[in-house]
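Below are the chains, spelled out letter by letter.
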Amino acid sequence: MEWTWSVTLQVFLLFVLAGLAEIGGGWLVWETIRGDKSWWWALVGSAILVVYGFIPTLQPLDDFGRLYAVYGGVFIALSFSWVAIFENFRPDLGDYIGSTIALGGVLVILFWPRNGDDT
């Protein structure tokens with residue numbers, strides 16, 4: 001796969017979409033169980049989590065393991081962003097440093113030069 005601007009943008013947007021679906025769906029279920037929200041929050045959250053399962057299949061990346069490893073780093077940063085917005089959680093220095101390290105790992109994994117059929 002050649003890393004063009006359009007491919008890079010597609011990969012980035014799909015990771016963000018997957019993260020928002022997983023975190024948002026999980027948060028709705030969490031709020032039902034831990035926050036005493038109505039049962040339909042869990043129903044909607046569960047439906048979003050099902051949709052989330054299909055989003056990674058839209059990625060142009062072929063390697064399942066590498067795709068999910070990269071997604072894990074993106075998920076870390078998105079999780080802190082979500083709770084900062086929806087729960088007034090303020091990440092501390094360790095959270096920022098850990099997220100930065102994880103995102104650095106994402107860049108290494110995605111853009112490391114590889115030979116042959118290896119994506």
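Attention here is on the structure that accompanies the text. These numbers come from a predicted model, not from an experiment.

1. Examining the layout of surface pockets
In this structure, the largest pocket encloses a volume near 270 Å³. Around the largest pocket, the lining comprises 14 residues; the ones closest to its centre are F12, F15, V74, V106 and L107. Among the residues making up the lining of the largest pocket, the classes are represented as 13 nonpolar, one polar and no charged. By volume, the second largest pocket amounts to about 180 Å³. Residue lining of the second largest pocket: I23, G26, W27, W30, F75, S79, W82, V83 and E87, and that is the complete set.

2. Focus on the side chain of T32
Relative to the helices and strands, T32 is located in helix α1 (residues 5-34). When near neighbours in sequence (up to four residues on either side) are disregarded, T32 contacts K37, S38, W39, W41 and A42.

3. Looking at empty space enclosed by the protein
Counting across every chain of the model gives two cavities of 30 Å³ or more. Quantified by volume, the second largest cavity comes out at close to 60 Å³. If you go around the second largest cavity, the residues you meet are L14, F15, A18, Y52, I55, P56, Q59, L67, Y68 and Y71. Those elements giving two or more residues to the lining of the second largest cavity turn out to be α1 and α3 (64-86).

4. Some words on the packing of α1 against helix α2 (residues 39-54)
Where α1 contacts α2, the two axes come as close as 7 Å, and the packing angle between them is 155 degrees. Judged by the angle between their axes, α1 and α2 are roughly antiparallel. In the packing of α1 onto α2, the handedness of the crossing is left-handed. Here A18, A21, E22, G25, G26, W27, L28, V29, E31 and T32 of α1 come into contact with α2, specifically with W39, W41, A42, V44, G45, S46, I48, L49 and Y52. Of the residues that constitute the contact of α1 with α2, the class distribution is 12 nonpolar, five polar and two charged.

5. Details of unusual backbone geometry
You will see that D36, though not glycine, has its phi angle at about 60 degrees, which is positive. The topology assignment puts D36 in the loop between α1 and α2. Residue D36 is classed as exposed on the basis of its relative accessible area of 71%. The phi angle at N88 is positive, at roughly 55 degrees, despite the residue not being glycine. Relative to the assigned elements, N88 resides in the loop between α3 and α4 (93-111).

Conventions we followed
Residues numbered from 1 in each chain as written. Predicted model: local features only at pLDDT ≥ 70, side-chain atom pairs only at ≥ 80, totals over all residues. Heavy atoms only, no water. 1 Å grid on protein atoms, 1.4 Å probe; cavity = no way out; pocket = protein on both sides within 12 Å on 5 of 7 lines; lining within 4 Å. Points joined across faces, edges and corners; volume = space filled by probe spheres on them. Nonpolar A, V, L, I, M, F, W, Y, C, P; charged D, E, K, R; others polar. Helix = DSSP H or I, 4+ residues; strand = E, 2+ residues; numbered from the N terminus. Contact = heavy atoms within 4.5 Å. Axes fitted to C-alpha atoms, helices over the stretch in contact; angles between N-to-C directions. Parallel < 35°, antiparallel > 145°, perpendicular 65-115°, else oblique. Left-handed = near helix turned anticlockwise from the far one by under 90°. Buried < 20%, exposed > 50% of the residue type's maximum accessible area, 1.4 Å probe, protein only.

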